[in-house]
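Structural description and commentary
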2 protein chains.
Amino acid sequence: MAKKRSKHVYFFGGGMTEGRADMKPLLGGKGANLAEMGNIGVPVPPGFTITTEACDYYSKHDKNYPPGAMDQVKKALAKLERLMGKKLGDSNDPLLVSVRSGAAVSMPGMMDTVLNLGLNDESVLGFIHKTGNERTGWDSYRRFINMFGDVVMGPGTGLKHEHFEEELGEMKKKYKAKVDTDLSAEQLKELCVIYKKVYKEHVGKKFPEDPMEQLRHSIDAVFGSWDTPRAVKYRQLNKITGLLGTAVNVQVMVFGNMGEISGTGVGFTRNPATGAREPMGEYLVNAQGEDVVAGIRTPSHIEDMPKERNPVWRNVHKQLLGIMKKLEKHYKDMQDVEFTIQEGELFMLQTRTGKRTGLAATTVACDMVDEGLIRPAEAISRIEGDHLNQLLFPIFDPKEESAAKKKGLDKAYGLPAGPGAAAGKVVFSADDAEAAANRDEGARVILVRRDTSPEDVGGMWAAQGILTSTGGMTSHAAVVARGWGKCCVAGAGDLNIDYKRKQIAIGSIVIKEGQYISLNGATGAVYCEDKKGVDIPTTASPVVAAVVHGAAWAKKHAIFKIYHRISDWADQFRKIGVRTNADTPKDAAAARAFGAEGIGLTRTEHMFFEGDRILAVRQFILAENTDERRKAINKLLPYQRKDFEGIFKAMDGLPVTIRLLDPPLHEFVPHDAAGQKEMARVLGVSQKKVADRVKALHEFNPMRGHRGCRLSITYPELCVMQTRAIIEAACNVAKKGIRVLPEIMVPLAGTKAEFDYLEQIIRQTADNTIKQKNSRARKKKVKVKYTVGTMIEIPRACTVADKIAEKAEFFSFGTNDLTQMGYGYSRDDAGVFLPDYIDKKILPGDPFETLDQEGIGQLVEMGISKGRTTRPDLKVGICGEHGGEPSSVKFCHRAGMNYVSCSPYRVPIARLAAAQAVIDESKN
Amino acid sequence: MAKKRSKHVYFFGGGMTEGRADMKPLLGGKGANLAEMGNIGVPVPPGFTITTEACDYYSKHDKNYPPGAMDQVKKALAKLERLMGKKLGDSNDPLLVSVRSGAAVSMPGMMDTVLNLGLNDESVLGFIHKTGNERTGWDSYRRFINMFGDVVMGPGTGLKHEHFEEELGEMKKKYKAKVDTDLSAEQLKELCVIYKKVYKEHVGKKFPEDPMEQLRHSIDAVFGSWDTPRAVKYRQLNKITGLLGTAVNVQVMVFGNMGEISGTGVGFTRNPATGAREPMGEYLVNAQGEDVVAGIRTPSHIEDMPKERNPVWRNVHKQLLGIMKKLEKHYKDMQDVEFTIQEGELFMLQTRTGKRTGLAATTVACDMVDEGLIRPAEAISRIEGDHLNQLLFPIFDPKEESAAKKKGLDKAYGLPAGPGAAAGKVVFSADDAEAAANRDEGARVILVRRDTSPEDVGGMWAAQGILTSTGGMTSHAAVVARGWGKCCVAGAGDLNIDYKRKQIAIGSIVIKEGQYISLNGATGAVYCEDKKGVDIPTTASPVVAAVVHGAAWAKKHAIFKIYHRISDWADQFRKIGVRTNADTPKDAAAARAFGAEGIGLTRTEHMFFEGDRILAVRQFILAENTDERRKAINKLLPYQRKDFEGIFKAMDGLPVTIRLLDPPLHEFVPHDAAGQKEMARVLGVSQKKVADRVKALHEFNPMRGHRGCRLSITYPELCVMQTRAIIEAACNVAKKGIRVLPEIMVPLAGTKAEFDYLEQIIRQTADNTIKQKNSRARKKKVKVKYTVGTMIEIPRACTVADKIAEKAEFFSFGTNDLTQMGYGYSRDDAGVFLPDYIDKKILPGDPFETLDQEGIGQLVEMGISKGRTTRPDLKVGICGEHGGEPSSVKFCHRAGMNYVSCSPYRVPIARLAAAQAVIDESKN
């Protein structure tokens, strides 16, 4: 943490801006960007930012502010009053301010905002006096009481927005008002009195008339909201760590609710769903910002702004587009802006990097390179692994979807707010979505809501897709779904959602809870049918279709072209190799098409299960001496050889690392009486013999038991058979002119002696096999160059890597096991405490997902550096699941590995991350 | 390994000695000592030594000799022929040689010896011609054929000593000879022909007449015997590692079988059983060395030598004692010598450091300091942990033993050949002894044999005690048993052992297999009764009686005085502290009496099992919320507090490290239906609830599961209760004026956050508890200074020890778990492959017994150095079982630990090893 700063408040606007864009960690994204906008001459309402450091202090010091902070707030407020010529709480011309949160990373909807602060029974009159707009005055006041009560005092008292909404409803009923705006100034004034009563009822104290008290409570509420469960959960789901807290932005209020030429809106400088190069956005006339973000009223599109009755809007539209262009050019990235028009004058309230789908992220990155705005290195470093991954998401099977369309099942359309396609059973609450997922891991549900709120994030995460009836591209549902790359159709206004009856009505059509519907997140189409399910099958994305299946249509597809371009760029930068984990020729071929430069891990165990093979394995297990064991296991030789031939062919010219048998033998025998009886019958032995052997194989801690190289040391015949299968296969395909580079890998070595023992057997077997092969076929001798290496997955192996490397020609880090043993966790059991550990911030995340660079990473680095001490050209890779996780790939690059290996569909992401690792380095 | 040497043969004797005593690694113990004796003027038969390096080469190069070695052998042989004026195989005056093994460490009986080499049909006549002794000639020849056939050619062909013995028996029967010496020269000549037939029958080739062929085969056999299973097993049992192989000593033969003034014997410069300062030994007139060592004939005592008829023996006796004294003075240690008298001329064949019992080792060491021969440092460094341990061995309960004596149950006496007392069921073969031990770990058997041979070592190891009817203090049984510190009575000549009937007869008394007998290894008494078992109960050694029970008689006992003296010396040298692992006041007090300077580990889990406590623990486990859990666990508080009070009292003034609960919760619940039903009944819940909870607690890999600090993080109420119990106990005893230094230890921390989370709870709880205690009793405020630290037993913890040490005040290495996780072994399961690993030399030994310094040691060193980077005064200890194992203690000293902690009875050994660590350092 940086040294203690004594400055806690930074002023912006009015030509007196103190902050900068690069002060995000301290001022939060919003504060830093308000300052930056102030610096480049974009009109922002002036104000000041209280730092994230102050929030951190507040959180750690029992809700006290750092010494001097409140004085600085008062000074900044005085400055603001001087600048605006208004005074907080003034009964003639009061200053009103907003109080907003703003952390360094955007967390939509998670943080609380208070508007119209400074209003009280006196200043509301001053406000009306000054603006001459009585209705706006009372409307603002009732909104402020509502917001202050709900957002600021609600968490401690249970006072909620609904409590006010109820009264609003009553009032509307009473005066037969259809919408809020039908209420007159007098009626709103009446509502203010009622609202204050509601406030007192719940809070137990009178609504505070002192604006400084209002401000202090509001700052407290923003700081306090940093640690609310929902904020914590959002950060967890999004893996946001390392932040101090949120900043607080106190800013002069501007009013979008001052009548016909006032309004408020949000916009994107490009399309955040598709990346298309067109500014887009939504606004509401005569409204405050919360109305847009909450998605309660469906807003108008920015391009329709010039069509508003008042010609002022034409100017505003022009000015807005100009500012958006300026901002994008300044920040060199797609911006997400908030703006307000107060009586024809445009103010920018916020600009920030826009969240986007994978398609948009990749498209914008490519386009901006073409536009000369950024270079490929910058484009690459902006694309997240998940973005690229989204290009690989399944879409609806084109035929099936067009058939559905022909049948007219596309009953409704909303905004294409989140990528991909999804089908599932309708549920109407986040809790139901979570419960369904908890009941059944494979459950597919579509969460259908009028709109979503931060409380729903758990259920949104659990659902296949999200469908809302209100709200636009910037509504909560849209923003969150896009952030996750989850399929979402937002603002499908034709939907009539009835939470009580648990049904959707679209005209006369009714969709009940539990019925299947299908969403296309790229077109916004909602496929459904009256009382019947519509479950359109999905199919591979154009990228997968082009790469894996070689489909001609897909190769022409824009998405494929973008994928291709980005991957090509990545390869120009990256230094570390990318291989794949593949056990079958099919997987190997797919991975190669995705750019894999070899196989880093072929597991041989699945080859033991197929068809009749398991019988031979079980004979091997039941055998009573080496001879019997050898006979049994050698039955597998032809099968294994064939498996390897297929893989070698698919990987012609590229290295293939094959791991010898790893799992404990008890994984190959049935553990139930019926299975044992059947096994006994098939093998013609007594059931007791089977049962006894299974019992003998039982282990208290199987992951630390008789497995890996320990098996082959006890039963060298296993290792001999596998080596023969590998080398015979290699010779056979080599004869056909295929270039084969087998790398034989010993699993789970913890000592030099273990490795050496097997290395000797492997070399002897391999050399004899090659000799035999060549002695039979005299015409043309094949040359097969193989190497022998080991997995480094035992902590001790890292400490003696220098010794192991004396004979081992390569290392491949098995970081799954290394993490298990290094932490003393069992992946199978850790579920009992891991979630609690993450909740309690004891772990930053699941170490099986993202490699723990702090601790386990040290073991990896030790293994590499010790290994290279002995053998400077030691080839080093990783073949755990971390090999396809971007931050882990970057670590592997920094640690000096030669390659990472991951599952076929993660290869593009690994290539991207590998390139980013190089670009990151050049930045530092 | 040293650089390749080109000299493979070293000459000794005849004033041309090339070797020295300090060349043991190269020349073996025997070779180096023959050279040394040659150098200091002790008469040895000349010869030459082929190096251990040659053996290593032989073993690694498919039984080939290093280049040039055979030439050097031939040259040395020529030199020997010149020196002796005889020629190998000469038909007039042939040179005869012996070929003996000799590794750097003595391995009695394990290596093969060939005598009389050079005899053939011609040279036997030359031998007779020269010596004029026809009988000796043919006797030597038949012995040579026997030995060459059995020892040299036997391993490959199955030819055995018995095959020859049978023929000898037949011959004796035929000529009505009672003993071997009754056979005449002619009859022995006849036997030679028969022996050669036996040889050809089994070997398939004629007996080789060419002496060079005999020599080559014999060297091969010695080298080959290095890798025989029995030699390998002996080295394993005795943890002998790091040797290249055995040397071969080719030496001119001297004959103890040349008549009345010839003979052969062995001796010790002091008593190897008691350490008494008196030379002792045994010899046989007119015999060769093998007869003594094999224990077939009961020899005479050296002190009786002057009583032999021929007055030459008086001179020989005087000369022998003089040489033994000279040797002891030269080597400054008790010597074990072999000698031969050839026609009145004394030759020393071997001298080496004598194996001894713990009593002898400690007594000799103390005596030699008193004699001014050595200093205390040398005395300390000569005493092995096992030696000291033997002083703690149980002896027979004095009352019970004297009662048995009164009843006249001491039916026989043998030599007091191995320490301690033992009682058990009689078995008559090594296999039966091993089988009994395998069937039941607690089985007590006494192995009864006429004599033992190297094939028996497995069964000897398994037995409680060994009883033989022939052989002396230097017989195989005596030497091996003494080496192990195992109770042994040797050469009890009154025993008539009948292997077929499986019984012992002593006069008219019969003891059948399975009947109990009792052996006193210190007096040689054999207690038994006709057809009844005698199972005398054992009691504590004088050391234990004096230290633990404060028995007055024991404090005057010589053994206690020796123990005391050695421990005092040790404390003068050692720098590292010695603590104990103790869970009860009784253990704590005992350990303190043994010199423990505190408790390094108090486990709290056993405290959860006693009496009704388990009910509260089970209520805790079944509880459904924090409140219920807190209520349940707090029931344990008064019990735990009382436990701790007792321990604190016992450790007044010394630190006590208490570990918070460590094992997984499923260890506290019954896993069988009956137990669960009972638990449900007692706790008044449904059986299903119990069963469900037990099922939920199941873990696939429990040692990596929900245990250690993970438990207290999930259920902080556990940690709170334990901390309160500790601190309340500390306050309570502190009030009584007892100095209490509690160290609260968090188990299984792998990350800084885990430790910090609990550290905060512990400090808060502890400080509050002290405050509360003091607020109640206002008169006199107690001050309790506690520290909070952690066990380092997770590999990852070593890598982030610098961070953990920010808050942790001490580290205690839990090397059991660190070894499990570092190797990826499970102690519960490793039995499946560990023995095979040790057999195949993949591991030098069981890493749970002796700390693996190469790998796990690196993690320990990393943890210490990182921890001290942050906190230079970090207190560091070890509390695994390694803390009482000498070589591990030495490692801990070198690694810079502050203390080791071990079980109470290992404390003296740890003190000794700690002193040796310092002495070792000063030597290097």
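Quick summary incoming for the structure in this document. (Residues numbered from 1 in each chain as written. Chains lettered and ligands numbered in written order. Predicted model: local features only at pLDDT ≥ 70, side-chain atom pairs only at ≥ 80, totals over all residues. Heavy atoms only, no water.)

This part takes up the relation of the copies chain B and chain A. Each copy of the sequence occupies a distinct position, and chain B is placed on chain A by a rotation of 179° and an axial shift of 0.0 Å, giving an RMSD of 0.2 Å. Each copy turns onto its partner about a two-fold axis. Measuring from the rotation axis to each C-alpha of chain B, the shortest distance belongs to B:Asn701, at 2.0 Å. The share of interface residues of chain B whose copies in chain A are also at the interface is 100%, consistent with both copies meeting through the same surface. (Least-squares fit on C-alpha atoms with pLDDT ≥ 70 in both. Contact = heavy atoms within 4.5 Å.)

This paragraph deals with the interface of chain B and chain A. It is common to give the size of an interface as the accessible area that goes away when the parts come together. Every contact between the two is made by 48 residues of chain B and, on the other side, 48 residues of chain A. For the pairing of chain B and chain A, the buried interface totals around 4300 Å² over both sides, and the portion due to carbon and sulfur atoms is 53%. On the chain B side of the contact with chain A, B:Asn701, B:Arg704 and B:Arg796 bury the most area, a combined 18% of that side's loss. Inspection of the region where chain B meets chain A yields six salt bridges. Two residues, A:Lys803 and B:Glu854, come together in a salt bridge whose shortest N-O distance is 3.0 Å. Elements represented by at least two residues in the side of chain B that touches chain A include exactly helix 29 (709-714), helix 31 (752-776), helix 32 (795-799), helix 34 (815-823), helix 35 (834-839) and helix 36 (856-870) of chain B. No other element matches helix 36 of chain B, which puts five residues into the side of chain B that touches chain A. Across the side of chain B that touches chain A, the residue classes tally to 22 nonpolar, 12 polar and 14 charged. (Buried area = accessible area lost by both parts, 1.4 Å probe. Salt bridge = Lys/Arg side-chain N within 4 Å of Asp/Glu carboxyl O. Helix = DSSP H or I, 4+ residues; strand = E, 2+ residues; numbered from the N terminus. Nonpolar A, V, L, I, M, F, W, Y, C, P; charged D, E, K, R; others polar.)

Residue and element names in this part refer to chain B. Mapped onto the secondary structure, Ile-566 falls in helix 22 (residues 558-573). On the accessibility criterion, Ile-566 (0% relative accessible area) is buried. Contacts of Ile-566, omitting those with residues within four sequence positions, involve Thr-362, Cys-366, Ile-380, Ile-383, Leu-388 and Leu-912. (Buried < 20%, exposed > 50% of the residue type's maximum accessible area, 1.4 Å probe, protein only.)

Attention now moves to the packing of aromatic side chains. Aromatic rings in a pair are described by how distant their centres are and how their planes are angled relative to each other. Tallied over the entire structure, the rule returns 47 aromatic pairs over all chains. Centre to centre, the rings of A:Tyr141 and A:Phe207 are 6.3 Å apart; their planes meet at 65°, and the pair counts as edge-to-face. Separated by 66 residues along the polypeptide, A:Tyr141 in helix 5 (residues 134-152) and A:Phe207 in the loop between helix 8 (185-203) and helix 9 (211-225) bring together distant segments of the chain. The pair formed by A:Tyr141 and A:Phe207 is uniform in burial state, with each residue classed as buried. Ring pairs connect the aromatic residues A:Trp138, A:Tyr141, A:Phe144, A:Phe148, A:Tyr199 and A:Phe207, which therefore count as one cluster. Directly above the aromatic system of B:Phe11 lies the positively charged group of B:Lys79, at a separation of 4.6 Å from the ring centroid. Taking NZ or CZ as reference, B:Arg216 lies 4.0 Å from the ring centre of B:Tyr65, over its face. (Phe/Tyr/Trp six-rings, centres within 6.5 Å; stacked < 30°, edge-to-face > 60°. Lys NZ or Arg CZ within 6 Å of the ring centre and 35° of its normal.)

Our focus in this paragraph is the sheet that holds strand 9 (residues 280-285) of chain B. Residues and elements named next belong to chain B. Read across the sheet, five strands follow the order 10-9-8-11-12 without closing on themselves; strand pairing throughout is antiparallel. With one partner strand each, in any of the chains shown, strand 10 (300-301) and strand 12 (345-353) form the two edges of the open sheet. Note: strand 8 (residues 263-268) against strand 9, six bridges, orientation antiparallel. Among the inter-strand pairings, Val-266 is bridged to a residue of strand 9, identified as Glu-282. Helix 12 (residues 312-331) rests against strand 8, strand 9, strand 11 (335-342) and strand 12 of the sheet, and its axis sits at about 30° to strand 12. (Pairing = 2+ DSSP bridges. Axes fitted to C-alpha atoms, helices over the stretch in contact; angles between N-to-C directions.)

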